[in-house]
Amino acid sequence: QVQLVESGGGLVQPGGSLRLSCAASGIIFSRSNMGWYRQAPGKQREMVAIITSGGSTNYADSVKGRFTISRDNAKNTVYLQMNMLKPQDTAVYYCNADVRTQYGAPVNIFWGQGTQVTVSS
């Protein structure tokens, strides 16, 4: 059974920081591209950051220079360090696993249940 369990969300003031974690089980984590997405009320879900199995990263323009995605394959965990948070970062943040074969072919995509991040004074 595949599980992606997010943690670390909460309420923070503008300019503050949070670190989200996503612990994965039931997948070959080291072969998976991992990502963070977010969905604000009334808006579509959008990509925030992605880290490939090889460690390459990609960020949405709106978070470049403020957010950092990282992974620990030994712990099957992906992180999102969020600094200089803004009210417009308020959303439910979802962990995503893009599972691949050893040859890089897509296998399946899984989502976590989401964690709320609220940036407000």
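Residues numbered from 1 in each chain as written. Predicted model: local features only at pLDDT ≥ 70, side-chain atom pairs only at ≥ 80, totals over all residues. Heavy atoms only, no water.

**Side note on the pairing of strand β9 (residues 91-100)**
No. 1: Most of β9 is tucked away, with 8 of its 10 residues classed as buried.
No. 2: Pairing geometry for strand β4 (residues 33-39) and β9, over 7 bridges, is antiparallel. Following the sheet pairing, Met34 is matched in β9 by Ala97.
No. 3: Sheet topology places β9 next to strand β11 (residues 115-119); 3 bridges connect them, and they run antiparallel. Each bridged residue has a counterpart across the sheet, and for Val92 the counterpart in β11 is Gln116.
No. 4: As judged from the 5 bridges shared by β9 and strand β10 (residues 106-111), these two strands associate in the antiparallel manner. Counted as the bridge partner of Arg100 is Pro106 from β10. (Buried < 20%, exposed > 50% of the residue type's maximum accessible area, 1.4 Å probe, protein only. Helix = DSSP H or I, 4+ residues; strand = E, 2+ residues; numbered from the N terminus. Pairing = 2+ DSSP bridges.)

**Here's the deal with unusual backbone geometry**
No. 1: Positive phi outside glycine occurs at Asn76, with the angle close to 55°.
No. 2: Relative to the elements of secondary structure, Asn76 occurs in the loop between β7 (67-72) and β8 (77-82).
No. 3: Of note, Met84 is a non-glycine position whose phi angle comes to about 50°, a positive value.
No. 4: Among the structural elements, Met84 can be located in the loop between β8 and β9.
No. 5: Exposure remark for Met84: the relative accessible area of 47% places this residue in the partly exposed category.

**Observations concerning the packing of aromatic side chains**
No. 1: One pass over the structure, following the stated rule, counts 1 aromatic pair.
No. 2: On the numbers, 5.0 Å between centres and 70° between planes, the contact of Tyr37 with Trp111 is edge-to-face. Placement of the pair is Tyr37 in strand β4 and Trp111 in strand β10, with a sequence separation of 74 residues.
No. 3: In this structure Trp111 comes out as partly exposed when scored by relative accessible area, which is 39%.
No. 4: A cation over an aromatic ring shows up here: Arg45 above the ring of Tyr94, its NZ or CZ 3.7 Å from the ring centre.
No. 5: In this structure, Arg71 is placed above the aromatic ring of Phe29, and the distance from its NZ or CZ to the ring centre is 4.6 Å. (Phe/Tyr/Trp six-rings, centres within 6.5 Å; stacked < 30°, edge-to-face > 60°. Lys NZ or Arg CZ within 6 Å of the ring centre and 35° of its normal.)

**Some points on the sheet that holds strand β1 (residues 3-7)**
No. 1: Here 4 strands make up an open sheet; going across it, the order is β1-β3-β8-β7 and the pairing antiparallel. Two strands lie at the open edges of the sheet, namely β1 and β7, each paired on one side alone. Here the strands of the sheet are splayed against their neighbours by 15° on average, with no regard to which way each runs.
No. 2: Strand direction decides the pairing type here: β1 and strand β3 (residues 18-25), joined by 5 bridges, are antiparallel. Following the sheet pairing, Leu4 is matched in β3 by Ala24. (Axes fitted to C-alpha atoms, helices over the stretch in contact; angles between N-to-C directions.)

**Looking at the nonpolar core**
No. 1: Formed by 30 residues in total, the largest nonpolar core has its most connected members in Trp36, Val78, Leu80, Met82 and Tyr93.
No. 2: Listed by contribution, the elements that provide at least two residues to this core are β3, β4, β5 (46-51), β7, β8, β9 and β11.
No. 3: Broken down by element, this core gets its largest block of residues, 5 residues, from β9.
No. 4: Beyond its immediate stretch of four places on either side in the chain, Leu80 contacts Leu18, Arg19, Leu20, Trp36, Val48, Ala49, Phe67, Thr68, Ile69 and Tyr93. (Core = buried A, V, L, I, M, F, W, Y, C linked by side-chain atoms within 4.5 Å. Contact = heavy atoms within 4.5 Å.)

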